[in-house]
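In case you want the letters, here they are:
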Amino acid sequence: MSGIRLDEGDVVDTVGAGDAFCGALAAALAGGATRREALDAANRAGAEAVQWAGAQPDAAL
């Protein structure tokens, strides 16, 4: 498993990063992903979440 490297200036707000990580992890595992695939998806979701200020709505809404 690899981490997602962000520049310091890319981290705007950590609100929701853990929720994004856990949600992506659960969704990936429920969808049949391997543990490694699920963790990679979760890392990407957490890294994306910190690049926005405040809590974000579901992208599908």
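Remember, predicted model here, so these are calculated numbers, not experimental data. Counting restarts for each chain, with residues numbered from 1 along the sequence as it is written. Local features in this predicted model are restricted to residues of pLDDT 70 or higher, and side-chain atom pairs are both shown and tallied only at a pLDDT of 80 or more, whereas totals for entire chains, interfaces and linings draw on every residue. Hydrogen atoms and water are omitted, and side-chain values are computed over all heavy atoms in the structure.

(A) Representation of the overall build of the protein chain. Assigned secondary structure in the protein chain consists of two helices and zero strands. Note on exposure labels: buried denotes an accessible area under 20% of the residue type's maximum, exposed denotes more than 50%, and partly exposed covers the range between, all computed with a 1.4 Å probe on protein chains only. A burial count over the protein chain gives 18% of its 61 residues as buried. Sequence separation of 24 or more characterises 73% of the internal contacts of the protein chain that already satisfy a separation of 6 or more. In the form shown here, the protein chain has an accessible surface area of approximately 4400 Å², with 55% of it arising from carbon and sulfur atoms. A run of H or I in DSSP becomes a helix once it reaches four residues, and a run of E becomes a strand once it reaches two; helices and strands are each numbered from the N terminus. Residues are treated as being in contact if the distance between any of their heavy atoms lies within 4.5 Å. The accessible surface values rely on the Shrake-Rupley method and a 1.4 Å probe; as for residues, cover is taken only from the protein chains in view.

(B) Main features of helix α1 (residues 17–30). Taking 1.5 Å per residue, 14 residues should reach 20 Å; α1 reaches 20 Å between its end C-alpha atoms and fits that length. Where α1 is buried, its residues meet α2 (35–49). Every helix has an expected span of 1.5 Å times one less than the residues it contains.

(C) Seen up close, α2. For α2, with 15 residues, the first-to-last C-alpha span of 21 Å sits near the 21 Å given by 1.5 Å per residue. Buried within α2 are the following residues: Ala 38, Ala 41, Ala 42, Asn 43, Gly 46, Ala 47 and Ala 49. Those residues of α2 hidden inside the fold are in contact with α1.

(D) Spatial organisation of the environment of Asp 19. In this fold, Asp 19 is placed in helix α1. For the pair Asp 19 and Gly 46, spaced 27 residues apart in sequence, the C-alpha separation works out to 7.9 Å.

(E) Fine view of the packing of α1 against α2. Viewed as axis vectors pointing N to C, α1 and α2 meet at an angle of 150°, and their least axial separation amounts to 7 Å. Relative to α2, the element α1 is oriented roughly antiparallel. Where α1 crosses over α2, the two elements pack in a sense that is right-handed. Contacts between α1 and α2 pair Ala 17, Ala 20, Phe 21, Ala 24, Leu 25, Ala 28 and Leu 29 from the former with Arg 35, Ala 38, Leu 39, Ala 41, Ala 42, Asn 43, Ala 45, Gly 46 and Ala 49 from the latter. In this count, Pro and Cys sit with the nonpolar residues alongside Ala, Val, Leu, Ile, Met, Phe, Trp and Tyr, while Asp, Glu, Lys and Arg are called charged and the others, Gly among them, polar. Taken together, the residues of the contact of α1 with α2 sort by class into 13 nonpolar, two polar and one charged. In this analysis an axis means a line fitted to C-alpha atoms, helices contributing only their contacting stretch, and an angle means the value between N-to-C directions, from 0 to 180 degrees. Each angle receives one of four descriptions, namely roughly parallel if under 35 degrees, roughly antiparallel if over 145, roughly perpendicular if within 65 to 115, and oblique otherwise. Left-handed describes a crossing whose near helix is turned anticlockwise from the far helix through less than a right angle; right-handed describes the clockwise counterpart.

(F) Region of interest: the environment of Ala 28. Within the fold, Ala 28 resides in helix α1. A residue is classified by how much of its surface remains accessible, and Ala 28, at 16% relative accessible area, is buried. Here the alpha-carbon distance between Ala 28 and Ala 42, two residues 14 residues apart in the chain, equals 8.2 Å. Setting aside its immediate chain neighbours within four residues, Ala 28 contacts Ala 33, Ala 38 and Ala 41.

Remember, this is a structural readout, not a statement about activity or role.
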